[in-house]
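# Summary of structural features
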Amino acid sequence: MFAVGKLLNDDPNTQEFTEHQKLACLSQRFPIQFNSTTYISHASEMKQVEEHLRVCLKVDANLQSMETVSPSEPLLSEAAYVVMARKSFQPLTTFKSILEGFAIHQGDRGEFLVLLLLTLARDQTVGCPGKNGHPKHRFFSFPSFVYGNLFKASTSLLLTQSTVSALKMLMQDFPNATMHFNHFIKLHGFSSVNKKLLLLLMTRGAGVLCANSQASIDAINVFLISGTELQTDNLGVVLYQIKNNADYKDLPEPRLFDSMDPYDLKILEAGDKPISLIRIFFALASHCWQQAI
Amino acid sequence: MNKILLTPFPQKDVIGDTSPILPKDIGGYDFPPASSFHKLLESLKARIERPSKPSPSQVKKKEKPQAPQLSSKVPIVVLVFDEAHTLTNQEQKDENWSNLSALQRALHALSHFPMFSLFLSTRAKMPQFTSASDDASSKITVGALKLSEPFTDLGFDTLAKKVSFNSCWTLGFVTHDSHIVHLGRPL
């Protein structure tokens, strides 16, 4: 609750939030970047630094512009989870109002919407925070995350029969798989993603938003195939590709999934053993609303 | 805003004179703050060492409650002075005396007690905390005592444990408060 108070710069038990407080919380879950060009937008960015733990990386010589980030701080991500679980927060409405109300980078292909969906699915899987702000466990069952929260069993009418079968097979194949993340960080290079780095990021609860123009993948999560021991040979990877283009329809295209190859993407080196891999494609602009796996 | 952590509490120079620097009547209990602090310490020790009421599970198992052990390495009292630059007379440059210099002398007289002092500031320039030439104490000016350097630009993950996948790191460990509070900046 101390971290909640620091993040909100307010009473940690408050139920009413300003737009700045809401932005501060979402910024701790995924890498929202400011796109400030006017005095008013600069003022908003400075307010985030001054009051809501955003970090200033650089200020130009004439003090007219600055570069800021919300760095990877898992404790603050947990604080944001506590705030976002309150009924008055309304994450989806908040996300929309923040995109419209602040000069922030909205993403090129709907990637922030997908990161929000993944984050909300994680929060639902771990459950609501208790009185001390902790969920029962911060790590969770991977099958429950995928089939139950990311793809809801209650919306199975929207899932094709083959998709339901695929999801059930996932539960059979990985009955003891576990997962942990509470925020996403943005990488700025293409060559830095490998299995050891991904496992290290898991130790701080960080998923990955890939660098701009990264080929074939846009985001990455990892899971442990069995149990909770952090070992590279117990590692599984979830690769996400996200498109907000109507050319990509609801019917899966094998070539798109084939392009998400961990060896081509340098996640694995040539001599490495294959690892368990889940590939998910989000066709956000598809006219037909359907989930297919 | 990030704060600068300052420790203006003068320390003995390890190379210099190691004899007592202040008269015993100041460092002893004749010095009113020392006498008061001694009473506070005795009271705190009594509270810490007094066995607390046994928990229901201890009653059931007929166990005796354990008193916590005091360590001589851990301070029992921590004093924190927020925005400590207000203790200085930065606007009056000709003035040698300041609330800070008086406080430094008083704290030095209490240095044999298990106490630790933290001075926090958001000001970037703090010559009166860090510069020996600006200090009112001649012992600091001549080098018999030295000022601790401030902690600035603490960075991120300063306190983080180094990850080793050879040992048994589990999700239970990396999701525990004791792990995640060490990641990021120290709050």
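Residues numbered from 1 in each chain as written. Chains lettered and ligands numbered in written order. Predicted model: local features only at pLDDT ≥ 70, side-chain atom pairs only at ≥ 80, totals over all residues. Heavy atoms only, no water.

### Some thoughts on the overall build of chain A
Along the backbone of chain A there are 10 helices and nine strands. Radius of gyration (C-alpha) of chain A: 19 Å, near the 19 Å computed for a compact globule of 293 residues. The dimensions of chain A, computed from C-alpha atoms along their principal axes, are 55 × 45 × 40 Å. Classification of the 293 residues of chain A by burial places 51% in the buried group. Considering only contacts in chain A between residues 6 or more positions apart, those separated by 24 or more positions represent 65%. Of the roughly 13700 Å² of accessible surface on chain A, 54% is carried by carbon and sulfur atoms. Charge-centre separation for chain A: the mean point of 26 positive side chains lies 5 Å from the mean point of 27 negative side chains. (Helix = DSSP H or I, 4+ residues; strand = E, 2+ residues; numbered from the N terminus. Rg over C-alpha atoms; globule rule 2.2 N^0.38 Å. Buried < 20%, exposed > 50% of the residue type's maximum accessible area, 1.4 Å probe, protein only. Contact = heavy atoms within 4.5 Å. Areas by Shrake-Rupley, 256 points an atom, 1.4 Å probe, with all protein chains shown as cover. Lys, Arg positive; Asp, Glu negative; His and termini not counted. Charge placed at Lys NZ, Arg CZ, Asp CG, Glu CD.)

### Considerations on helix 8 (residues 161–173) of chain A
All names here are of chain A. Taking 1.5 Å of rise per residue, the 13 residues of helix 8 would be expected to cover 18 Å, and the 18 Å separating its terminal C-alpha atoms lies within 8% of that figure. Listed in full, the buried residues belonging to helix 8 are Thr163, Val164, Leu167 and Leu170. Projected onto a plane normal to the axis of helix 8, the buried residues spread over an arc of 115° and lie on a single side. Exposed side chains of helix 8 directed beyond 90 degrees from the buried face belong to Gln161, Gln172 and Asp173. Of the surrounding secondary structure, the elements contacted by the buried residues of helix 8 are helix 7 (142–146) and strand 9 (276–283). (Expected span 1.5 Å × (residues − 1). Arc of directions from axis to C-beta.)

### Digging into the packing of helix 2 (residues 19–27) of chain A against helix 5 (residues 91–101) of chain A
Residues and elements named next belong to chain A. Relative to each other, helix 2 and helix 5 sit at 105°, their axes nearing to 10 Å. Here helix 2 lies roughly perpendicular to helix 5, going by the angle between them. Where helix 2 approaches helix 5, its residues Glu19, Lys22, Leu23 and Leu26 are matched on the opposing element by Thr94, Phe95, Ser97 and Ile98. Residues of the contact of helix 2 with helix 5, tallied by class, amount to four nonpolar, two polar and two charged. (Axes fitted to C-alpha atoms, helices over the stretch in contact; angles between N-to-C directions. Parallel < 35°, antiparallel > 145°, perpendicular 65-115°, else oblique. Nonpolar A, V, L, I, M, F, W, Y, C, P; charged D, E, K, R; others polar.)

### Quick look at unusual backbone geometry
Residue and element names in this part refer to chain A. Despite not being glycine, Asn9 shows a phi value in the positive range, around 55°. Secondary-structure assignment places Asn9 in the loop between helix 1 (2–8) and helix 2. Classification of Asn9 by relative accessible area gives partly exposed; the value is 46%.

### What to know about the interface of chain B and chain A
Counting from both sides, the interface comprises 21 residues of chain B and, opposite them, 30 residues of chain A. Interface area, chain B with chain A, both sides summed: about 2200 Å², of which 67% is carbon and sulfur. Counting every contact that joins chain B to chain A gives three salt bridges. For the salt bridge of Arg185(B) with Glu73(A), the shortest nitrogen-to-oxygen distance reads 2.6 Å. Across the contact surface, chain B and chain A share nine residue pairs in polar contact (both at pLDDT 80 or more). (Buried area = accessible area lost by both parts, 1.4 Å probe. Salt bridge = Lys/Arg side-chain N within 4 Å of Asp/Glu carboxyl O. Polar contact = N/O pair within 3.5 Å; in protein donor to acceptor, adjacent residues only side chain to side chain.)

### Looking at the pattern of salt bridges
Residue and element names in this part refer to chain A. This model, assessed by the stated rule, comprises 16 salt bridges over all chains. Salt-bridge contacts for Lys47 lead to Glu51; the nearest nitrogen and oxygen are separated by 3.2 Å. Linking Lys47 with Glu51, this pair stays in helix 3 (residues 39–51), spanning four residues, or about one helical turn. Among the residues examined, Glu51 registers a relative accessible area of 27% and is labelled partly exposed. Of the charged contacts, one joins Asp272 and Lys195 as a salt bridge, the two residues approaching to 3.9 Å between their closest N and O atoms. Placement of the pair is Asp272 in the loop between helix 10 (254–258) and strand 9 and Lys195 in helix 9 (residues 195–202), with a sequence separation of 77 residues.

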